[in-house]
Amino acid sequence: MHPAILGLITIIVGVGGCIGYFYGANLFLDKVLFPATGPNAGRNINKANMIRPWIFLGPAIVALGLYLAYPVVATLILSFQERLPGGARGWVGFENYTKMFAEPKFTEAMINNMLWLTVVPASATAFGLIAAQLTDRLSWGNISKSIIFMPMAISFVGAAVIFKLVYEARPEDVAQIGILNHLYLLFGGAEPKQFLTIPFWNSFFLMVVLIWIQTGFAMVILSAALRGIPEETVEAAIIDGANPFQIFFKIKIPQIMGTIVVVWTTITIATLKVFDIVFAMTNGNWETQVLANYMYDKLFVARDWGMGSASAMIIMLLVTPILVWNVYNARKEMR
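Cut-offs applied
Residues numbered from 1 in each chain as written. Predicted model: local features only at pLDDT ≥ 70, side-chain atom pairs only at ≥ 80, totals over all residues. Heavy atoms only, no water. Patch = residues over 30% accessible without salt bridge, like charges linked within 9 Å, V, L, I, M, F, W, Y side chains within 5 Å. Areas by Shrake-Rupley, 256 points an atom, 1.4 Å probe, with all protein chains shown as cover. Salt bridge = Lys/Arg side-chain N within 4 Å of Asp/Glu carboxyl O. Helix = DSSP H or I, 4+ residues; strand = E, 2+ residues; numbered from the N terminus. Buried < 20%, exposed > 50% of the residue type's maximum accessible area, 1.4 Å probe, protein only. 1 Å grid on protein atoms, 1.4 Å probe; cavity = no way out; pocket = protein on both sides within 12 Å on 5 of 7 lines; lining within 4 Å. Points joined across faces, edges and corners; volume = space filled by probe spheres on them. Core = buried A, V, L, I, M, F, W, Y, C linked by side-chain atoms within 4.5 Å. Contact = heavy atoms within 4.5 Å. Phe/Tyr/Trp six-rings, centres within 6.5 Å; stacked < 30°, edge-to-face > 60°.

Peer 1: Summarise a nonpolar patch on the surface; cite the residues concerned and give the values.
Peer 2: Taken together, the side chains of Met1, Ile5, Leu6, Ile9 and Val13 make up a nonpolar region of the molecular surface, amounting to roughly 510 Å² of accessible area. Take leucine 6: it is sitting in helix 1 (residues 3-33). Since its relative accessible area comes to 45%, leucine 6 is described here as partly exposed.

Peer 1: Residue-level account of empty space enclosed by the protein, with values.
Peer 2: A complete count under the given rule lists 1 cavity of 30 Å³ or more for this structure. There is about 40 Å³ of room inside the largest cavity. As for the largest cavity, its lining consists of Leu78, Gln81, Glu82, Arg83, Arg89, Trp305 and Gly306. At the level of elements, strand 1 (81-83) and helix 14 (305-334) are the ones that each hand at least two residues to the lining of the largest cavity. The element contributing the most residues to the lining of the largest cavity is strand 1, with 3 residues.

Peer 1: Could you give me a rundown of the nonpolar core, with the residues and numbers involved?
Peer 2: Counting residues in hydrophobic clusters, the biggest one holds 40 residues, and the most contacted among them are Trp116, Leu129 and Met281. Beyond its immediate chain neighbours, meaning those up to four positions away, tryptophan 116 contacts Pro121, Ser203, Leu206, Met207, Leu210, Thr271, Val274, Val278 and Val290.

Peer 1: Pulling in residues and values, what's your account of the packing of aromatic side chains?
Peer 2: One pass over the full model with this rule turns up 21 aromatic pairs. Taking 6.1 Å as the distance between ring centres and 55° as the angle between the ring planes, the aromatic pair formed by phenylalanine 163 and tyrosine 167 counts as tilted. For the pair formed by phenylalanine 163 and tyrosine 167, the shared burial category is buried. Ring centres of tyrosine 296 and phenylalanine 300 lie 5.3 Å apart, and the angle between their planes is 45°; this geometry places the pair in the tilted category. Here phenylalanine 300 and tyrosine 296 lie together in helix 13 (residues 291-301), a separation of 4 residues that amounts to about one turn.

Written as structure tokens, this is what we have:
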């Protein structure tokens, strides 16, 4: 079957199935199970209203249990096992974790992830905040916002391919197609550089890709938060003689600090799970290894399910506290 036709059928069946389920569930609840007629009509309506949320949440709970809870438990069990000849599994306890922490590549991945966590969320949030503030002051602000947000529509792999061409290096006697090397030679560079092979600095060249993508997300959320600031507070600051920098840093930012924290933690979670960019651009070579790419190498290259699962659990343990904090702050903002 043609992929377009298959996609269309999937949409029709998926959307139609959801509509049919919710409509049929409501009909069954109100007309058959607890009909709103007769002497018990009031009691039936109350019972139906108590059950209705669980009917609507039912498919989501089943899906989460099947595609989230079960894989987490299964991965945790696998992290304490090893593969034996013949496809069997043997229990090894914390041996996978011990071997993993002793590997130089895992140490490299942890250090790089900490570096990514230090640079990417702060940079993307800061650039998004600046873009949100500046574009709101422009007559063509909506157009500039669309341009800045556009990278969000590109997949991580697509963005990695774009920036791999930006960093491309050709021999010195050949025209450079990489913008960075072209500029480097234009301003007096001796010879083209393989930017992605320079230890330590190559991690920053990779981070630029994720910052470029996430800045648009941060801008949209923070722009909405800035628009929600009461005009009275800004007008009062202007009357008191505050300059634009004081208004921005002392009036606006404190009022949207909760939103800034939510944006920062959301980008932090995305950064912890970064895989596509590193895999597509360096595959963890030249000291650019990160935890998600390390997990992929163990699971699908080395076929070491035990250590691969152990690294997956480390990623989950790192993400969970940030996720909980993010949800807590989001709920606090809604109160």
